Amino acid sequence: MKKICVVGVGYVGLVTGTCFADLGNRVIALDISEERIEILKKGILPIYEPGLEEMVKRNVAAERLDFTTSYQEALENADFAFIAVGTPEGVDGEADLQYVRAAAESIAEAMTRPLIIVNKSTVPVGTGDWVADIVRAKQTQPIPFSVVSCPEFLREGSAIQDFMNPSRIVLGSLDKDAAHKVADLHLSLRAPIVVTDLRTAEMIKYASNAFLATKISFINEIANICEALGADVKEVAAGMGYDPRIGRSFLDAGLGYGGSCFPKDVKALAFMATVQGKHPQLLQSVMDINKYQRRQVILKARELLGSLKGKTIGLLGLAFKPNTDDMRDAPSVEIARAVQAEGAVVKAYDPVAMHAAERMMSGVQMRANAYEVAEGADLLILCTEWNEFKQLDLGRLKQLM
Ligand code: NAD
């Protein structure tokens, strides 16, 4: 049993902390948000993630998982501190590292024993060294520590499954002993472990996300060409996907990528490249296609309805993908705003994200299910591929519209 502190109880931190507790470790999860910690202590989750609530309750009951806002309390006995704070998009696409800086400073000020600081947040190449500098500068007395990069590859919606069955664990550090100690924490998961240097580990995360985003933009470009030529992109993707060099995943044409990771990570990688005097042409195209894809749906709406003024448009699904309530950079938000700006009335339904969506989608009328959205609508846009939309009674929908 290891003693672990997780800093930041968002989608990554809460899953990481809970899963490590479930693997038998003693975990204290910390957040600066008093509201988040307060509700977690009552057994209420601040985010939706399938299976997580039950797992949190079970591990809290077994006294392996606890929550706090106090760095002193969280670090008192900790061997590892996992940083899982947000790294949102900053100015010009650069990653905003203010939360990582604050977390590093707080860890430095509160640590009283040797510590391995593990960075799970997605951070620009070189951040691990920068975190080490911050901790060294802010320590009140010199206490040994190491920084290890352990980028997170979990997907919202299947985060527990992904944590427990990772495709790989990537660890980067100048201190190989520390990297191997972090590897030991993951041994029972029986995943391939890549141990490398800090910068390479940080880059692996960006390169992975950029590649997946590229696949999405690629199939969207193919979809647009298919549409013009009368081919079916779904069949094209299926036919391509059997080739093991290509693979079937991430070849689903649609509204383009959204969410809390791909948009900001592709931008941040392009920014890093530009700062180094490189021209990230492929990344630029990936972003351009993604932007165009969202615009495309408005063009299609106009094509079908003429002017959108006074028309009622229904959105089925609001979250950026199924099985999450995460609304960050969800295409639905941009689409709703665009059609509202042209005078349309917008109605919407999402199985779990309506509460989160309400705050970001002013003027959108939330409905209890897909059929209520369809009632009197001139057009329905399927924004999120939730399973429950796969078996909708299309005849009934048509009648209601
Ligand atoms: P999030 O916004 O859901 O959670 C971040 C949490 O950190 C919040 O609860 C916030 O209150 C807390 N926080 C901020 N500053 C803090 C501080 N100084 N001390 C303690 N807590 C603090 O973020 P997330 O989606 O979990 O993402 C975290 C990181 O993991 C990001 O870098 C992201 O790019 C990366 N990542 C996310 C995913 C994903 O699917 N969400 C997947 C892989 C990697």
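Above: the structure in question.
Quick look at the structure, then. (Residues numbered from 1 in each chain as written. Predicted model: local features only at pLDDT ≥ 70, side-chain atom pairs only at ≥ 80, totals over all residues. Heavy atoms only, no water.)

**Comments concerning the site of the ligand**
Which entries qualify depends on this criterion: Proximity criterion: a residue is near a molecule or strand once any of its heavy atoms comes within 4 Å of it. Side-chain atoms alone can form a polar contact between residues adjacent in sequence; in general such a contact is a pair of N or O atoms within 3.5 Å, and within protein one must be able to donate a hydrogen while the other accepts it. Here the accessible surface of atoms and residues is derived via Shrake-Rupley with a 1.4 Å probe, and residues count as covered only by protein chains that are part of the display. Helix and strand definitions follow DSSP, with helices as H or I runs of at least four residues and strands as E runs of at least two, each counted in order from the N terminus.
Surveying the vicinity of the ligand reveals 28 residues, the closest of which are Asp31, Tyr71, Thr87, Glu156 and Lys264. In this structure, threonine 87 approaches the ligand through a side-chain N or O atom, which is 2.5 Å from an oxygen atom. Residue serine 260 places a side-chain N or O atom 3.5 Å away from a nitrogen atom belonging to the ligand. Burial of the ligand by the protein chains amounts to 90% of its free accessible area of 830 Å². Taken together, the elements giving at least two residues each to the shell around the ligand come down to helix H1 (11-22) and helix H5 (98-110).

**Here we look at the side chain of glutamate 152**
To keep things clear, this is the line we draw: The classification of residues rests on relative accessible area computed with a 1.4 Å probe and restricted to protein chains. Under 20% of the type maximum is buried, over 50% is exposed, and intermediate values are partly exposed. Note on contacts: a residue pair is in contact if any heavy atoms of the two residues lie within 4.5 Å.
Along the polypeptide, glutamate 152 turns up in the loop between strand E6 (145-149) and helix H7 (159-164). Relative accessible area serves as the criterion here: at 11%, glutamate 152 is assigned to the buried category. Among the polar contacts made by the side chain of glutamate 152, one reaches the side chain of lysine 120 at a distance of 2.9 Å. In contact with glutamate 152, not counting residues within four places along its chain, are Val12, Thr16, Lys120, Phe163 and Lys205.

**Some words on the environment of valine 85**
Among the secondary structure elements, valine 85 is positioned in the loop between strand E4 (80-83) and H5. Note on valine 85: relative accessible area 17%, which makes it buried. Beyond its immediate chain neighbours, meaning those up to four positions away, valine 85 contacts Val7, Gly8, Tyr99, Val100, Ala103 and Ser121.

**Some thoughts on helix H8 (residues 176-186)**
Where we set the bar: Picture the helix axis, draw a direction to every C-beta atom, and the arc is the one those directions span.
Those residues of H8 not exposed but buried are Ala178, Ala179, Val182, Ala183, Leu185 and His186. Within H8, the buried residues cover an arc of 150° as seen down the axis, which keeps them to one side. If you check the start of H8, you find a side-chain oxygen 3.1 Å away from the backbone N of aspartate 177, and it comes from aspartate 175.

**A look at the packing of aromatic side chains**
Our working definition: Put simply, two rings from Phe, Tyr or Trp (the six-membered ring, in Trp's case) pair if the centres are within 6.5 Å, and we call them stacked under 30 degrees between planes, edge-to-face over 60, tilted for the rest. Look at NZ for Lys and CZ for Arg. If either is within 6 Å of the ring centre and within 35 degrees of the ring normal, a charge sits over the ring.
Scanning the entire structure with this criterion turns up 5 aromatic pairs. Aromatic side chains tyrosine 349 and phenylalanine 389 sit 6.1 Å apart centroid to centroid with 75° between the ring planes, which places their arrangement in the edge-to-face category. In this pair, tyrosine 349 is assigned in strand E10 (residues 345-349) and phenylalanine 389 in the loop between strand E12 (379-382) and helix H16 (394-400), connecting sequence segments 40 residues apart. For the pair shown, tyrosine 349 and phenylalanine 389 are each scored as buried. Among the aromatic residues, ring-to-ring pairing joins Phe20, Phe82 and Phe163 into one connected group. The ring of tyrosine 371 carries arginine 396 above its face, with NZ or CZ at 3.8 Å from the centroid.

**Focus on the state of the cysteines**
Selection rule: The rule for a disulfide is simple: a pair of cysteine sulfur atoms within 2.5 Å.
Tallied over the full model, the rule gives 0 disulfides. The thiol of cysteine 19 is not disulfide-bonded; the next cysteine sulfur, from cysteine 150, is found 13 Å away. Considering cysteine sulfurs only, cysteine 261 is the nearest to cysteine 383, which forms no disulfide, with 20 Å between them.

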